[in-house]
Amino acid sequence: MIIEIEDLRKRYGARQAVDGVTLSVDEGEFFGLLGPNGAGKSTLVEIVEGLRRADSGRVSVFGKSPWPRDLDLLARLGIQTQSSSFFVRHTAREHLRRVATLHRVSRDRADEVLKLVGLEDSADTRVEKLSGGQRQRLAIASALTHDPELLFLDEPTAALDPLARKQLWGLLKSLPGTVVYTTHHLDEAEALCDRVAIIQNGRIVAVDTPAGLRERTGAASLEDAYLRLVAA
Ligand code: ADP
């Protein structure tokens, strides 16, 4: 197991954001975290990334505790957030070269990741001029620059038009390593995820393959299964 979480809890004032979560993610899995806004997904992910401290429980990532912050461990993680920012007035390639330098990896890695995310043709385009879909690809490329073993994607297709969203699926499917991904697009989760966890009010409602969740609820799609499980 790459990620092991046991009875994890985190409270903000009166709000129990994560309420006894036990979960594990295996090597090579594309693992989805689904749930309504405010369910505790970001809090959970940020604790696993070592960006927030849990109140109690146990988290292990590659057999190590992410808290207190561990720079060796962080170097093995790739993190794409919704607030991805780029070096202004840089081209896509220049941006990625700077990211590579920050990670102390070869600047040649910039061209490798541009290719990996299908942005070769936009290498010389300034980041401000990229389309929404291209910006998301660049955000993913930035998270991949140091060749992480574990990648966290936070709603990578949010704010994209339906075509750009579908076009990004191919890239998401081809990503190397283990991926933990949050989304509100259930068709996407169904197409991409090996397993999903549904979280609500800080608790795990169900963890299974999309097919397993459909069978369990008698639903025709993951979206139906999700709606039945969170309404139950
Ligand atoms: P999600 O990512 O599923 O939308 P979050 O983890 O962001 O959920 O939030 C879970 C709950 O914790 C929400 O009720 C949210 O308002 C609350 N919360 C999140 N971050 C903080 C914070 N820094 N301080 C206080 N409350 C927070």
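Note that the structure is a prediction, hence the values are computed from the model and not measured.

Rules behind the numbers
- Residues numbered from 1 in each chain as written.
- Predicted model: local features only at pLDDT ≥ 70, side-chain atom pairs only at ≥ 80, totals over all residues.
- Heavy atoms only, no water.
- Phe/Tyr/Trp six-rings, centres within 6.5 Å; stacked < 30°, edge-to-face > 60°.
- Helix = DSSP H or I, 4+ residues; strand = E, 2+ residues; numbered from the N terminus.
- Buried < 20%, exposed > 50% of the residue type's maximum accessible area, 1.4 Å probe, protein only.
- Lys NZ or Arg CZ within 6 Å of the ring centre and 35° of its normal.
- Pairing = 2+ DSSP bridges.
- Axes fitted to C-alpha atoms, helices over the stretch in contact; angles between N-to-C directions.
- Contact = heavy atoms within 4.5 Å.
- Near = heavy atom within 4 Å.
- Polar contact = N/O pair within 3.5 Å; in protein donor to acceptor, adjacent residues only side chain to side chain.
- Nonpolar A, V, L, I, M, F, W, Y, C, P; charged D, E, K, R; others polar.
- Parallel < 35°, antiparallel > 145°, perpendicular 65-115°, else oblique.
- Left-handed = near helix turned anticlockwise from the far one by under 90°.
- Core = buried A, V, L, I, M, F, W, Y, C linked by side-chain atoms within 4.5 Å.
- Domains from an automatic or database assignment.
- Buried area = accessible area lost by both parts, 1.4 Å probe.
- Salt bridge = Lys/Arg side-chain N within 4 Å of Asp/Glu carboxyl O.

**With respect to the packing of aromatic side chains**
Point 1. Inspection of every chain in the model, using the stated rule, returns one aromatic pair.
Point 2. With a centroid separation of 5.2 Å and an interplanar angle of 65°, the aromatic rings of F30 and Y181 are classed as edge-to-face. Of this pair, F30 sits in strand β3 (residues 30-34) while Y181 sits in strand β7 (residues 178-182), placing them 151 residues apart in sequence.
Point 3. Judged by relative accessible area, F30 falls into the buried class, the value being 7%.
Point 4. Between R76 and the ring centre of F62, over which it is positioned, the NZ or CZ distance is 3.9 Å.
Point 5. Taking NZ or CZ as reference, K166 lies 5.1 Å from the ring centre of W169, over its face.

**Description of the sheet that holds strand β6 (residues 150-154)**
Backbone hydrogen bonds are what pair the strands of a sheet, in a parallel or an antiparallel way.
Point 1. Spatial strand order, β5-β6-β7-β3-β8-β9: six strands in an open sheet with mixed pairing. If you trace the sheet from one side to the other, it starts and ends with β5 (77-80) and β9 (203-208), each paired once. On average, adjacent strands in this sheet sit at an angle of 15° to one another, irrespective of strand direction.
Point 2. Pairing of β5 with β6 involves four bridges; the strand directions are parallel. Along β6, the bridge assignment pairs G78 with L151.
Point 3. Along the sheet, helix α5 (residues 132-144) contacts β5 and β6; its crossing angle with β5, the most-contacted strand, is approximately 160°.
Point 4. Helix α8 (residues 210-217) contacts β8 (195-200) and β9 of the sheet and is inclined by roughly 105° relative to β9.

**Structural notes on the site of the ligand**
Point 1. As a matter of local geometry, the ligand sits amid Y12, R15, A17, P36, N37, G38, A39, G40, K41, S42, T43 and R52.
Point 2. With respect to the ligand, the backbone of G38 contributes an N or O atom lying 2.7 Å from an oxygen atom.
Point 3. T43 places a side-chain nitrogen or oxygen 2.6 Å from an oxygen atom of the ligand.
Point 4. When contributions to the shell around the ligand are tallied by element, the ones reaching two or more residues are β2 (15-25) and α1 (41-49).
Point 5. Element by element, the count of residues in the shell around the ligand is highest for α1, at three residues.
Point 6. For the shell around the ligand, the per-class residue count stands at four nonpolar, five polar and three charged.

**Quick word on the packing of helix α3 (residues 92-102) against α5**
Point 1. Orientation of α3 relative to α5, taken along the N-to-C sense of each, is 25°, at an axis distance of 9 Å. Between α3 and α5, the angle falls in the class roughly parallel. For the element pair α3 and α5, the recorded crossing hand is right-handed. Contacts from A92, H95, L96 and V99 in α3 reach L138, A141 and S142 in α5.
Point 2. A breakdown of the residues in the contact of α3 with α5 according to their chemical character gives five nonpolar, two polar and no charged.

**As for the nonpolar core**
Point 1. Ranked by size, the top nonpolar core spans 44 residues in total, and within it L34, L138, I140, L153, L172, L175 and L213 carry the most contacts.
Point 2. In terms of residue count, the dominant contributor to this core is α5 (six residues).
Point 3. Counting contributing residues per domain, this core is built from domain 1 (1-76 + 150-164 + 177-232) and domain 2 (84-148), each supplying no fewer than three.
Point 4. Not counting the four nearest positions on each side in its chain, L213 is found in contact with V196, I198, A206, D208, L222, A225 and L229.
Point 5. By size, the runner-up hydrophobic cluster in this structure holds 25 residues, among which are I2, F31, V61 and L73.

**Re the domain arrangement of the chain**
Point 1. Domain annotation of the chain identifies domain 1 (1-76 + 150-164 + 177-232) and domain 2 (84-148).
Point 2. With 10 residues of domain 1 at the contact, the number on the domain 2 side is eight residues.
Point 3. Summing both sides of the interface, domain 1 and domain 2 together bury roughly 620 Å²; the carbon and sulfur share of this comes to 68%.
Point 4. By the criterion of area lost to domain 2, the three top residues of domain 1 are L151, P156 and L160, representing 52% of everything that side buries.
Point 5. Seen at the junction of domain 1 and domain 2, the total is zero salt bridges.

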